[in-house]
Amino acid sequence: MKRVICLVNALLVVNALGFFPCGGASVFADEAPDFGAVSDLEREVAPLSGSTCPAAGAYSLTRPDPPGSPTMVGLGLFFQDIAQLSDVEQTLDADVYVIARWRDPRLADPARGEGSVDCPVPEGRLWMPALEPENLRGRQTFYPARFLVDGRGVVTYARRLWLKLSFPLDFRDFPRDRHRWRTTIWPVFSRADEILFHPLRRATGMNDRLSIQGWRVGTPRPEASTAARVARAGTFARFDVDLDLERNWGYYAWKLGLPLTLIVLMAYGVYFIPTSAVAQQIGLGMTSMLTLIAYMLALGGGLPKISYLTRADRFFVGSAVLVFLGLVKALLTVVLAQGTDPRLIDRANRWGRWLYPLAVLVNFVCAFLL
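Bear in mind that the values here come from a model prediction, so they are computed numbers and not experimental data.

Draft legend 1. Main features of the packing of aromatic side chains. With the rule as written, the count across this model stands at 14 aromatic pairs. Plain terms: the ring middles of Trp 102 and Trp 127 are 5.9 Å apart, the flat faces sit at 85 degrees to each other, and that makes the pair edge-to-face. Taken together, the residues span a long stretch of sequence, with Trp 102 in strand β3 (residues 91-103) and Trp 127 in the loop between β4 (116-120) and β5 (131-133) at a distance of 25 residues. The two residues Trp 102 and Trp 127 agree in class, both being buried. Plain terms: the ring middles of Phe 167 and Trp 181 are 5.6 Å apart, the flat faces sit at 50 degrees to each other, and that makes the pair tilted. Of this pair, Phe 167 sits in the loop between β8 (154-166) and β9 (178-187) while Trp 181 sits in strand β9, and the two are 14 residues apart along the sequence. Residue class for Phe 167 comes out partly exposed when judged on its relative accessible area of 21%. The residue whose ring lies beneath Arg 160 is Phe 142, and the NZ or CZ to ring-centre distance is 5.7 Å.

Draft legend 2. Structural context of the nonpolar core. Among the nonpolar cores identified, the biggest contains 46 residues, and Phe 79, Ile 82, Phe 147 and Phe 197 are the most heavily contacted of them. Excluding anything up to four places from it in sequence, Ile 82 contacts Leu 92, Asp 93, Ala 94, Met 206, Leu 210, Ser 211, Ile 212, Val 217 and Leu 243. Counting residues in hydrophobic clusters, the runner-up holds 24 residues, among them Tyr 252, Ile 263, Val 264 and Tyr 356.

Draft legend 3. The packing of helix α3 (residues 250-267) against helix α4 (residues 278-299), seen in detail. Two numbers describe how α3 lies on α4: the axes approach to 8 Å, and their chain directions differ by 165 degrees. As judged from the angle between their axes, α3 and α4 are roughly antiparallel. As α3 packs across α4, the resulting crossing turns out to be left-handed. In this structure, α3 contributes Lys 255, Leu 256, Pro 259, Leu 260, Ile 263, Met 266 and Ala 267 to the contact, and α4 contributes Leu 284, Thr 287, Ser 288, Thr 291, Leu 292, Tyr 295 and Leu 299. Counted by class, the contact of α3 with α4 contains 10 nonpolar, three polar and one charged residues.

Draft legend 4. Highlighting the state of the cysteines. Scanning all chains against the criterion turns up one disulfide. Two residues share a disulfide in this structure: Cys 53 and Cys 119, whose sulfurs sit 2.2 Å from each other. Taking the sign of the S-S torsion, about -110 degrees here, the bridge from Cys 53 to Cys 119 comes out left-handed. One end of the pair, Cys 53, is in the loop between β1 (47-48) and β2 (71-86); the other, Cys 119, is in strand β4, and 66 residues separate them in sequence. The class of Cys 119 is buried, set by a relative accessible area of 0%.

Draft legend 5. View of the pattern of salt bridges. Applying the stated criterion across every chain yields a total of 22 salt bridges. The partner of Asp 40 in a salt bridge is Arg 103, with the nearest N and O atoms 2.8 Å apart. Separated by 63 residues along the polypeptide, Asp 40 in helix α2 (residues 35-41) and Arg 103 in strand β3 bring together distant segments of the chain. Arg 103 sits in the partly exposed class, given a relative accessible area of 25%. Asp 118 is the salt-bridge partner of Arg 146, the closest N and O atoms lying 3.0 Å from each other. Of this pair, Arg 146 sits in strand β7 (residues 146-150) while Asp 118 sits in strand β4, and the two are 28 residues apart along the sequence. By relative accessible area, which is 24% here, Arg 146 ends up partly exposed.

So, how was this worked out
Residues numbered from 1 in each chain as written. Predicted model: local features only at pLDDT ≥ 70, side-chain atom pairs only at ≥ 80, totals over all residues. Heavy atoms only, no water. Phe/Tyr/Trp six-rings, centres within 6.5 Å; stacked < 30°, edge-to-face > 60°. Helix = DSSP H or I, 4+ residues; strand = E, 2+ residues; numbered from the N terminus. Buried < 20%, exposed > 50% of the residue type's maximum accessible area, 1.4 Å probe, protein only. Lys NZ or Arg CZ within 6 Å of the ring centre and 35° of its normal. Core = buried A, V, L, I, M, F, W, Y, C linked by side-chain atoms within 4.5 Å. Contact = heavy atoms within 4.5 Å. Axes fitted to C-alpha atoms, helices over the stretch in contact; angles between N-to-C directions. Parallel < 35°, antiparallel > 145°, perpendicular 65-115°, else oblique. Left-handed = near helix turned anticlockwise from the far one by under 90°. Nonpolar A, V, L, I, M, F, W, Y, C, P; charged D, E, K, R; others polar. Disulfide = S-S within 2.5 Å. Salt bridge = Lys/Arg side-chain N within 4 Å of Asp/Glu carboxyl O.

Interpretation note: all reported values are geometric properties and have no functional meaning in isolation.
Right, dumping it as structure tokens:
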């Protein structure tokens, strides 16, 4: 919250919260950035009471800058909360403040000085950038739409949104997977010769406490650039916010991995039961196999439902093979005991006693380290 400085705090005070209508190197096509506009966009918001909103005749639906001169739009995303990351749907649910600033000299009033007056949005009369987030699955808005405007005509518009965003992720390294989640905002229609973005870094950040469980979330990093869009002609402004996500794998190690390892070691006991106790060997092998199957079925709800094998899946498959080999060894003991030299069975037990733990170690290395 500290990183937002006065910008979001001022917006909260005046309730200028509630999204405007609805992706690269850090350059602005062939245009040089308007450093005067950038300086204005970086100014802190100072809410002003007692001043008047722009007159009705000052509003216009046309872009404030002349043709050939792009309008600089500052953008910032502040994550008030991140509630959930769905492994199955690959979606992120977040409570987000979307903040946009631009300069419209037609709304300027020197009488406001450095202050910004809080005004209702005149529907259908105020130009504002039409923006859309990429891969939007759903949204919910809060608060009536309002905006702030200062003496220079710098408009600050913000909406608080509950967003469901999608982004393709690779879970092959589960449960020690790390991801870079990217939220991208584009202009709906305007190309880079009409709208350029500037990242409002002081307005981009994240709350100190998040409700998401099982993940560590890094600091949001904004970046403005220009890029081509699929199935659209021309170059468009693009605004990206990257979040580094790292899964807390300790839960899976203790609650899932350790019990599975104990089941595998339980099957290891067939190599120590005497040949005369064949029934006990078969019983232990079958019990281990059935326990493993039941345990893997119980884990189904807590693992990513994806079409490829993760590291955890490879470990489970290898563990199942080891437990099954223990059962096979018990059954072979029955077959070999029928007239076969008992020393052959003893030799198989001795080999199994040191090969089995080696195979458990190899299974772990292949699953998680290679």
